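Residues per chain are reported as follows:
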Amino acid sequence: MTETDFRDGDFGGETWEGREFEGCDFTDAYLVDLVTVGCTFVDCDFNGADLSGSRHERTSFITVRFSQTKLVDAAFRGCKLSGSMFDRVGVRGIALEGGDYTAMSFGKTKLGAQDLSGARLAGANLVDTDLTGTNLSGADLRGARFGRTVLRDVDLRGSRIDSLDPRTSDLTGARVDLEHAIAFAAVFGVIIG
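The rules we used
Residues take numbers from 1 onward in each chain, read along the sequence in its written order. Local features are withheld for residues below a pLDDT of 70 in this predicted model, meaning they are given only at 70 or higher, and side-chain atom pairs are given and counted only at 80 or more; totals for whole chains, interfaces and linings count all residues. Hydrogens and water are ignored here; the side-chain numbers use all heavy atoms of the structure. Each helix corresponds to a stretch of at least 4 residues labelled H or I by DSSP, and each strand to a stretch of at least 2 residues labelled E; elements are numbered beginning at the N terminus. Computation of the radius of gyration draws on C-alpha atoms, with the globule rule given as 2.2 Å multiplied by the number of residues to the power 0.38. Burial classes: relative accessible area under 20% of the type maximum marks a residue as buried, over 50% as exposed, and values in between as partly exposed (1.4 Å probe, protein chains only). Should any heavy atoms of two residues lie within 4.5 Å, those residues are considered in contact. Each accessible area is a Shrake-Rupley estimate made with a 1.4 Å probe; only the visible protein chains count as cover when residues are assessed. In this tally, Lys and Arg are treated as positive and Asp and Glu as negative; His is ignored, and so are the chain termini. The atoms used to mark charge sites are NZ of Lys, CZ of Arg, CG of Asp and CD of Glu. When DSSP locates at least two bridges between a pair of strands, those strands are taken to pair. Axis definition: a line fitted to C-alpha atoms, over the contacting stretch in the case of helices. Angles run 0 to 180 degrees between N-to-C directions.

Summing up its helical and strand segments, the chain has one helix and 10 strands in all. In the chain, the succession of α and β elements from N to C terminus is β-β-β-β-β-β-β-β-β-β-α. Relative to the globule expectation of 16 Å for 193 residues, the C-alpha radius of gyration of the chain, 18 Å, shows essentially globular dimensions. Considering only C-alpha atoms, the chain reaches an extent of 65 × 25 × 25 Å along its principal axes. Burial analysis of the chain (193 residues in total) assigns 46% to the buried set. When contacts within the chain are restricted to residue pairs at least 6 apart in sequence, long-range pairs at least 24 apart make up 1% of them. Total accessible area on the chain stands at roughly 9,000 Å², and carbon and sulfur atoms take up 47% of it. When the 21 basic and 30 acidic side-chain charges of the chain are each reduced to a single mean position, those positions are 6 Å apart.

Shown next, in the form of structure tokens:
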């Protein structure tokens, strides 16, 4: 194994603090119950890796590829995943709390209820993403791409949205503020007042 080649490695249960990884390959690595605190991963590949039960705090994953990655019961708290991509990942029980997901692609992921209040999702790809029950209050969703996005029972109050067309996403039960309600009504040609 070279410094950038962690393929098929077994790092289960380890704790990494303040470590930096750039251009590293974690393909098929065993990272179950891994804990990272303040680490940085740039242009890394987690294809087929098992990160089940892992915990990440204030860790940055910049332009990282999570393809066919197991993220079951994984937790990301206050993390930065800018420009990263979820593709066919297993996320049952995943916990996303706050953080920066600028320009991230969630690729048809069913995230379930998350606490993304105040999170930055500007430019994120949320097409075909299921965010049912997610708290997006105060989130920055400017430039995010929506389409066939499931936003059932989400809280959008105080969020900044400029590209959500209510005709192309499921907003059943969504909580919005007056500004959003007026913008959504305008899409349907409704005149208020």
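Let's pick the thread back up.
The three strands lie next to each other as β2-β4-β6, forming an open sheet whose pairing is parallel. Each edge of the open sheet carries a strand with a single partner, namely β2 (20–22) and β6 (60–62). The mean angle between the axes of side-by-side strands here comes to 5°, regardless of whether they run parallel or antiparallel.

Even without being a glycine, Arg58 presents a positive backbone phi close to 50°. Looking at the secondary structure, you find Arg58 in the loop between β5 (55–57) and β6. Take Arg58: its relative accessible area is 52%, and that puts it in the exposed class.

The next subject is the sheet that holds strand β3 (residues 35–37). Sheet architecture is open: five strands sit in the order β1-β3-β5-β8-β10, paired in parallel fashion. Looking at which strands have only one partner, the edges of the open sheet turn out to be β1 (15–17) and β10 (95–97). Each adjacent strand pair in this sheet contributes to an overall mean axis angle of 5°, direction not counted. In the sheet, strand β8 (residues 75–77) pairs with β10 via three bridges, with the strands oriented parallel. Looking at the pairing, Phe76 lines up with Leu96 of β10.

Right, let's get into the environment of Val32. Along the polypeptide, Val32 turns up in the loop between β2 and β3. With residues near it in sequence (within four places) discarded, Val32 still touches Gly12, Gly13, Asp50 and Ser52.

Residue position: Phe41 is located in strand β4 (residues 40–42). The contact partners of Phe41, leaving out residues within four places of it in the chain, are Trp16, Phe21, Phe26, Thr36, Phe46, Thr59, Ser60, Phe61, Ile62 and Val64.

By themselves these figures say nothing about function.
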